Amino acid sequence: MSNAPLMPKATAVWLLDNTALTFDQVADFTKMHPLEIRAIADGDAAQGIKGMDPISTGQLSRDEIEKGEKDPNYRLRLGESKVALPPAAKRKGPRYTPVSRRHERPSAILWLVRNHPELKDAQIMRLVGTTKTTIASVRDRTHWNTSTLTPMDPVTLGLCSQIELDFEVQRAAKEKPAASTYGGATLLPASETTRKEPEFEPTEKQRDDLNVDAVFAKLKTIGGKKEEQE
C-alpha cells in the first residue's frame, strides 16, 4: 500500500526508539523526508511527540520489522489498520464562519454584489456563510452599518477559497441566458423564394360579367351580318 500510516510522525518516533531500521526505511514507511527523520533522531524535530506503536494498530507486524532490520534495502509494507475511522459526514447548512470574521461578512457581500451581480443569493450564502436577510439589507443599503461598509474580497478575508469563488462564478455564468444580438438582414428561406403564387380565379360575379359581354359581342356580330345581306 502507498498510503501513510496513521500519525506518521508519532510512528516515526516509535520506530526510531524501538527498532534498528534505517532512516530511509522509516522515511519510506511513514512517507516523510529522510532529512526530517534524521532531525527527529537528533532531537531537532518532533519534540514532545509521544511515539505510537504501529504493531498495536495492525499497521505493521513484528515479522515485517525483523525483515527490515535484516535487510537495509527492504521496504516495509503497510498493513490494514485495525482502527476504523468514521466516514466524514457531508456538511449541510450554511458555512461556519469564525466569530472573529463574522463582522466582515457584510463587506464581503458588498464586494460580491458589486463585482459579480450574476451570483444568486444561495451562492453568496455558500461562499460567505450568511443569510438572505443580510444579503437583502446590503443590496438595498438598509444594513445598520451601510455608511461604513467597504467592499472587500471574501478570499482575502479568508471567508472562502479562490477555487470556490471561481466555481460559483462559472456556474452562474453558465446559468445566465446569453443576450440576443442583432445579426443584420438575412436571406429569405427557400420555402419563401420557391413558393408559387396562386392562379387567378374569377369570382361568380366576374363570371356573370364575362358572360354578358360575350352575349353582346355575339349579338353585334349577328347584327352586322344581317346588314350586309340587306
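Before reading on, note that the structure itself is shown above.
As the structure is a prediction and not an experimental result, all values here were calculated from the model.

A.B. asks: What should I look at first to understand the pattern of salt bridges in this one?
C.D. replies: If the charged atoms of two oppositely charged side chains come close together, the side chains can form a pair. Applying the stated criterion to the full structure yields three salt bridges. In this structure, E36 and K9 form a salt bridge, with 3.5 Å as the shortest nitrogen-oxygen distance. With E36 in helix α3 (residues 34-42) and K9 in helix α1 (residues 8-18), this pair connects stretches of sequence that are 27 residues apart. On the basis of relative accessible area, K9 is assigned to the partly exposed category, the value being 32%. Two residues, R139 and D121, come together in a salt bridge whose shortest N-O distance is 3.1 Å. Linking R139 in helix α8 (residues 132-139) with D121 in helix α7 (residues 121-128), this pair joins segments that are 18 residues apart in sequence.

A.B. asks: Can you walk me through the side chain of E104 in this structure?
C.D. replies: You can see E104 is positioned in the loop between α5 (99-102) and α6 (105-115). Contact partners of E104, with chain neighbours within four places excluded, come to L157 and L159.

A.B. asks: Please explain the side chain of T19 as it appears in this structure.
C.D. replies: You can see T19 is positioned in the loop between α1 and α2 (23-30). Residue T19 is classed as buried on the basis of its relative accessible area of 14%. Separated by 2.4 Å, the side chain of T19 and the backbone oxygen of L15 make a polar contact. Not counting chain neighbours up to four residues away, the residues in contact with T19 comprise W14, I65 and E69.

Cut-off values and rules
Position numbers for residues start from 1 in each chain and track the written sequence from start to end. Side-chain atom pairs in this predicted model are given and counted only at pLDDT of 80 or more, local residue features only at pLDDT of at least 70, and totals for whole chains, interfaces and linings cover all residues. The basis for every side-chain value is the complete set of non-hydrogen atoms in the structure, without hydrogens or water. A carboxyl oxygen of Asp or Glu within 4 Å of a side-chain nitrogen of Lys or Arg is what we treat as a salt bridge. Counting from the N terminus, the helices are DSSP H or I runs at least four residues long and the strands are E runs at least two residues long. Burial classes: relative accessible area under 20% of the type maximum marks a residue as buried, over 50% as exposed, and values in between as partly exposed (1.4 Å probe, protein chains only). Contacts are assigned to residue pairs that have any heavy atoms within 4.5 Å of one another. Here a polar contact is recorded for every N or O atom pair within 3.5 Å, except that within protein the pair must consist of a potential hydrogen donor and a potential acceptor, and residues adjacent in sequence are included only if both atoms are side-chain atoms.

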